[in-house]
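# Descriptive structure summary
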Amino acid sequence: MSEALLELKNVVKIFRYGLFGFEFRAIDDVSISLEDKPFIFTIAGESGSGKTTLARIILGVHVPEYGEVLYKGRNIHKLKGEDLVWFRKEVQAVFQDPYASFNPLKKVYNYLYETAKNVAKIKTDEIDAHIEEVLKRVGLSLEKVKGKYPSEFSGGELQRVSIARALITRPRLILADEPVSMLDASLRVTIVNLFKEFKDDLKISFIYITHDLSTAYYISDYIAIMYRGWVVEQGPVDKVLTEPKHPYTQTLLLSAPMPDPKWREKWLKAIKLTGTIEEKEFLAKGCKYAARCPYATKKCLENVPPDFIANSVKVKCWLYEK
Amino acid sequence: MRVLSDPDIVLNTVNLAGGYNVMINDNMVYVDAVSNVNFYAKNNEVLGIAGESGCGKSTLLKILYGYIRPPLVVQRGSVTLRINDQSIDILSLKDRTLVWWKHISYIPQNSMNVLNPLQRLRDHFIETIRTHMDVDKDEAYKTARDYIESLGLSKEVLNAYPHQLSGGMRQRVVIALALMLKPRVILADEPTTAVDVVVQRGVLQMLLDKQRELKNTLILVTHDMGVQAMVTNRILIMYAGKGVELGATEDIFENPLHPYTRALIESLPRIGDKTLRKGLAGQPPDLTSPPPGCRFHPRCPYAMDVCRREEPPIIDIGKERFVSCWLYVKR
């Protein structure tokens, strides 16, 4: 096997909350290995599943309590000085709300300039040409951007600017955390199309974090489905989203409203909402999904399922025990 | 669009126009958020209102409810609600609290956050019941308890404060409140945008079950075309304050007529289909100075001269299908 670009080994992140420092594992024993060739890898899950926490760990913002994250074989949480700048150059991020990513009192151009100067270390007289080039890539131009404040852009345009900013350092990997969920549906596809294009033309890999399975299917090669800090299923997107194995993935896929009235009958089949409380699920002794799972057995309540391989997909579910 | 004599029509709007008077850089400007909207809602149906952010859907809903507070102003037009063969002109009503909740209910956006954090849920229910019925507190509590249990929620919920419940649960409680007095018309503004898809499915199913039981009218505003496809019988598509297309949900998805509707539906990726999708170029117009003619013409791939000059009429295609686009004008 060729060396992995990014490798997460049994990563655990513990958060404390409440008066008595009550602990729970926001990320629980997550292992992911991404090979060194251009890919789009989706991390999907609902709110509270830990996808943003995982993103922050990959960016080095959170330090995991156990396990390690290796980028090109180096533990990113131990990088210092020049090496850290190198990592920042290699791995860039795009966030959900473009208006929150930019300081409203600072001109947008300054962000581009500072990234080019401080992170990409481009010579001062070449900066504008470089910025013009990345803006062109996202369908904007320097002329349109220079002198403007974030509030003077529409959401879609500003998100393009933040993608252009991420491109300045010529990264190998861009981590995009819900980059289109604030945008209108007709604009979403134009943004995710850019990711596809950059993967093919610029050989940039993407980690795309989303709760929207249809755009995930549309652009990605691989997908991991998260539930309460676990990756419950991971594999090629064609397999995971068309023949889901884990009962949670199955429910998720069936519940996502599809823009096609033909699905209505299936979707309208009654679903039972349970009154389970989230923190109890994080602390469950066995499978965290057992309280909601229609197939749950005694074993599921008692023992944490390991990853089984079914249909060349990794599934964390006792149903697939050989 | 249609004469009010049809006995099935419960809510009818004619040439409705409204918007906001706001100060921008010391100038008073008018935001033309709802501009000549015509449509009707029938008994026992789910009518969806779709469109992207800033197209006027929420403003339209507020006007339908008669919830008109500055800076919102209504310029012209009428909203008629028909209850038991009696026509009620919502906009000229003096005291709307008599029709609110009883005949027409409104579930606002972010409905999970509309509950009073200092009041137990039982007090929300008791207050609502006692505003419309002459009963004492205990009686009202009993009514509330029976009602909550009939919806499959535990009566414990009534003793909880809002923060003790999850978002999905709070949303169901607000919906329960809005439906308690069996209104003929329910207006729901993005009732499930902040919850997960699994909870969303449960909440919408509850809303639909209730609508079927009461055989009333649900007007559902959502930008999510997936939800529109799963839930509604008919859809009104809005763009930049105009109603651009109205028709049966199946027909709209199968054969979208207006170029905007087509772009909206065709830009959505579907699981199992990786063919390249194209989004709409450009962005919706600034409603303080909307473009002349058809408001969609700057983004429309089929724009003709007439589109830039004149506003398109509303064309009756037949089978309750209406579209406002010059492409369908026979000349």
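Residues numbered from 1 in each chain as written. Chains lettered and ligands numbered in written order. Predicted model: local features only at pLDDT ≥ 70, side-chain atom pairs only at ≥ 80, totals over all residues.

### Details of the overall build of chain A
On a plain count of helices and strands, chain A comes out with 14 helices and 12 strands. For a compact globule of 322 residues, the expected C-alpha radius of gyration is about 20 Å, and chain A comes in at 21 Å, within 12% of that figure. In chain A, which comprises 322 residues, the proportion classed as buried is 44%. Considering only residue pairs separated by 6 or more positions, chain A has 63% of its internal contacts joining residues 24 or more positions apart. (Helix = DSSP H or I, 4+ residues; strand = E, 2+ residues; numbered from the N terminus. Rg over C-alpha atoms; globule rule 2.2 N^0.38 Å. Buried ≥ 20, exposed ≤ 12 C-beta atoms within 10 Å, placed from the backbone. Contact = placed C-beta atoms within 7 Å.)

### Focus: the overall build of chain B
In terms of regular secondary structure, chain B is built from 9 helices and 12 strands. Relative to a compact globule of 331 residues, whose C-alpha radius of gyration would be 20 Å, chain B shows 21 Å and is just as compact. Counting only C-alpha atoms, chain B reaches 70 × 50 × 45 Å along its principal axes. By residue count, 46% of the 331 residues in chain B fall in the buried class. The contacts in chain B between residues at least 6 apart in sequence include a share of 63% that link residues at least 24 apart.

### Notes on helix H1 (residues 51-59) of chain A
Residues of H1 of chain A that are buried include every one of Lys51, Thr53, Leu54, Ala55, Ile57 and Ile58 of chain A, and no others. After H1 of chain A finishes, the residue Gly60 of chain A shows a positive phi value of roughly 85°.

### Observations regarding the interface of chain B and chain A
Counting from both sides, the interface comprises 35 residues of chain B and, opposite them, 34 residues of chain A. Elements with a contribution of two residues or more to the side of chain B that touches chain A: helix H5 (197-214), helix H6 (225-231), helix H7 (249-254) and helix H8 (259-266) of chain B. The greatest single-element share of the side of chain B that touches chain A, amounting to 6 residues, is contributed by H5 of chain B. Of the residues that constitute the side of chain B that touches chain A, the class distribution is 15 nonpolar, 11 polar and 9 charged. (Nonpolar A, V, L, I, M, F, W, Y, C, P; charged D, E, K, R; others polar.)

### Notes on the nonpolar core
Generally speaking, soluble globular proteins have nonpolar side chains that are buried together. Core analysis: the largest hydrophobic core is formed by 183 residues, its most contacted members being Tyr208 and Ile225 of chain A together with Leu187 and Ile219 of chain B. In this structure Ile219 of chain B touches Ala41, Leu47, Ile49, Val185, Ile186, Leu187 and Ala188 of chain B, once residues within four positions along its chain are discounted. (Core = buried A, V, L, I, M, F, W, Y, C linked by C-beta atoms within 7 Å.)

### Things to note about the confidence of the model for chain B
In the predicted model, chain B carries a mean pLDDT of 91, and 98% of its residues have values of at least 70. Complex prediction metrics read pTM 0.90 and ipTM 0.86. (pLDDT = per-residue confidence, 0-100.)

### A look at the sheet that holds strand S6 (residues 104-107) of chain B
Two orientations exist for strands paired in a sheet by backbone hydrogen bonds: parallel and antiparallel. Residues and elements named next belong to chain B. Across the sheet, which stays open at both edges, the 8 strands sit in the order S6-S7-S8-S3-S9-S10-S12-S11 with mixed pairing between neighbours. Single-partner strands in this sheet number two, and they are S6 and strand S11 (315-318). With direction set aside, neighbouring strand axes in the sheet form an average angle of 20°. Packing against the sheet, helix H4 (residues 167-179) makes contact with S6 and strand S7 (185-189), and its axis sits at approximately 165° to S6. (Pairing = 2+ DSSP bridges. Axes fitted to C-alpha atoms, helices over the stretch in contact; angles between N-to-C directions.)

### With respect to helix H11 (residues 247-255) of chain A
Listed as buried for H11 of chain A are Pro247, Tyr248, Thr249 and Leu252 of chain A. In the core, the buried residues of H11 of chain A are packed alongside helix H9 (213-219), strand S9 (222-227), strand S10 (230-236) and helix H10 (237-242) of chain A together with H5 of chain B.

### Looking at the sheet that holds strand S4 (residues 72-83) of chain B
Residue and element names in this part refer to chain B. With respect to topology, 4 strands assemble into an open sheet ordered S2-S1-S4-S5, the strand pairing being antiparallel. Edge positions in the sheet fall to strand S2 (27-42) and strand S5 (86-89), since each of these pairs with one other strand and no more. Here the average twist between neighbouring strands, direction ignored, is 15°. Where strand S1 (residues 9-24) meets S4, 8 bridges bridge the pair, whose relative direction is antiparallel. Across the sheet, Gly19 pairs through a bridge with Val73, a residue of S4.

### Some points on the UniProt feature "domain: ABC transporter" (unreviewed entry) in chain A
Following the UniProt record, one finds the feature "domain: ABC transporter" (unreviewed entry) at residues 6-253 of chain A. Taken end to end, residues 6-253 of chain A comprises 41% helix and 27% strand; its first and last C-alpha atoms sit 28 Å apart. (UniProt positions renumbered as here; feature names shortened; annotations may be inferred.)

### Observations regarding the environment of Ala26 of chain A
Residues and elements named next belong to chain A. When you line up the elements, Ala26 lands in strand S2 (residues 22-35). Once the C-alpha coordinates of Ala26 and Arg16 are considered, the two residues, 10 residues apart in sequence, prove to be 9.5 Å apart. Once residues lying within four places of it in the same chain are set aside, the contact partners of Ala26 are Lys13, Phe15, Gly50, Thr53 and Gly229.

### Side note on the environment of Ser111 of chain B
All names here are of chain B. Positionally, Ser111 belongs in the loop between S6 and helix H2 (121-132). Residue classification places Ser111 among the buried residues on the basis of 26 C-beta atoms within 10 Å. Here the alpha-carbon distance between Ser111 and Gln171, two residues 60 residues apart in the chain, equals 6.0 Å.

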